[in-house]
Amino acid sequence: MKLLVINGPNLNLLGLREPDHYGRETYQQLLDKIRAYCGSRGHEVSFFQSNHEGALVDAIQQAYFDGVEGIVINPGAYTHTSVALLDAVKAVSIPTVEVHISKVEQREDFRQVSFIRLACVGTVTGLGTDGYLRAVDLLEEHHVR
Ligand code: DQA
């Protein structure tokens, strides 16, 4: 499969940022880990990260024109606020899995809403960065179904 992994705001600061929630692994180490996993599963993978909502919308739209077959997205805080990201995933109809490194369901009330979830084929929370690998598995399962 041709996959795209999208990370939203502040995820470029992994390793530095609130390690109790997000661990010590850096963003670069995360990409290396996902690339190795996708390689071992025979998937082609590319990556996009932005701190800007509109740039994330653009990346989702571009995925359609690039023939992407599955999206793994951690929208960061935009999970809880962005109807635009929800609409973008709906617009392109590419199977998408939502990932959160932390266990969002055990955190603040404002993190209990996810707009994008309404358009996703699966959600992974609380597995640390291994959640991205689990999301790849879910996209595979969805693909063969
Ligand atoms: C997060 C959870 C969000 O609530 C938060 O705003 C993030 C990261 C996670 O990976 O656990 O930026 O998506």
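I will try to describe carefully the structure that is included in this document.

1. Comments concerning the layout of surface pockets
And then number 1: Of the pockets and cavities examined, the largest pocket occupies roughly 170 Å³.
And then number 2: In this structure, the largest pocket is lined by 16 residues; those nearest its centre are Arg17, Tyr22, Gly76, Ala77 and Arg111.
And then number 3: Looking at side-chain class alone, the lining of the largest pocket contains six nonpolar, six polar and four charged residues.

2. Section: the sheet that holds strand 2 (residues 44-49)
And then number 1: Within the open sheet, the five strands sit side by side as 2-1-3-4-5. Their pairing is parallel. Looking at the sheet topology across the chains shown, the edges are occupied by strand 2 and strand 5 (122-125). Averaged over all neighbouring strand pairs, the angle between strand axes comes to 20°, with direction disregarded.
And then number 2: As defined by bridge partners, strand 1 (residues 2-7) adjoins strand 3 (residues 70-74) across five bridges and the pair is classed as parallel. Pairing of Leu3 across the sheet is with Gly70, part of strand 3.
And then number 3: Each of strand 1 and strand 2 touches helix 2 (residues 27-40); the most contacted strand, strand 2, lies at about 160° to it.

3. Observations regarding the site of the ligand
And then number 1: Around the ligand, the structure places Arg17, Tyr22, Asn74, Gly76, Ala77, His80, His100, Ile101, Ser102, Val104 and Arg111.
And then number 2: At a separation of 3.2 Å, an oxygen atom of the ligand approaches a polar backbone atom of Ala77.
And then number 3: A distance of 2.8 Å separates an oxygen atom of the ligand from a polar atom in the side chain of His100.
And then number 4: Out of a free accessible area of 320 Å², the ligand has 98% covered by protein chains.
And then number 5: More than half of the atoms of the ligand fall within 2 Å of the grid points belonging to the largest pocket.

The rules behind each value
- Starting afresh in each chain, residues are numbered from 1 along the sequence in its written order.
- Two thresholds apply to this predicted model, a pLDDT of at least 70 for residue-level local features and 80 or more for giving and counting side-chain atom pairs, whereas whole-chain, interface and lining totals are computed over all residues.
- Processing note: side-chain calculations cover all non-hydrogen atoms of the structure and skip hydrogens and water entirely.
- Whether a set of points on the 1 Å grid over the protein atoms alone is a cavity depends on a 1.4 Å probe fitting there but being unable to get out, while an open set qualifies as a pocket with protein on both sides within 12 Å along at least five of seven lines; lining residues are those with an atom within 4 Å of a point.
- Grid points are joined across faces, edges and corners, and a volume is the space filled by probe spheres set on the points.
- Each residue is assigned to one of three groups, with Ala, Val, Leu, Ile, Met, Phe, Trp, Tyr, Cys and Pro labelled nonpolar, Asp, Glu, Lys and Arg labelled charged, and all others, Gly among them, labelled polar.
- When DSSP finds at least two bridges between two strands, those strands are taken to pair.
- Helical segments are the DSSP runs of H or I of at least four residues, strand segments are the runs of E of at least two, and each set is numbered from the N terminus.
- Axes here mean lines fitted to C-alpha atoms, for a helix over just the part in contact, with angles spanning 0 to 180 degrees between N-to-C directions.
- Note on contacts: a residue pair qualifies if any of its non-hydrogen atoms lie within 4.5 Å across the two residues.
- One heavy atom within 4 Å of a molecule or strand is enough for the residue carrying it to be called near that molecule or strand.
- Side-chain atoms alone can form a polar contact between residues adjacent in sequence; in general such a contact is a pair of N or O atoms within 3.5 Å, and within protein one must be able to donate a hydrogen while the other accepts it.
- Using the Shrake-Rupley algorithm and a 1.4 Å probe, accessible areas are obtained, with residue cover drawn only from the displayed protein chains.
- Should more than half of a molecule's atoms lie within 2 Å of a pocket's or cavity's grid points, that molecule is taken to sit in it.

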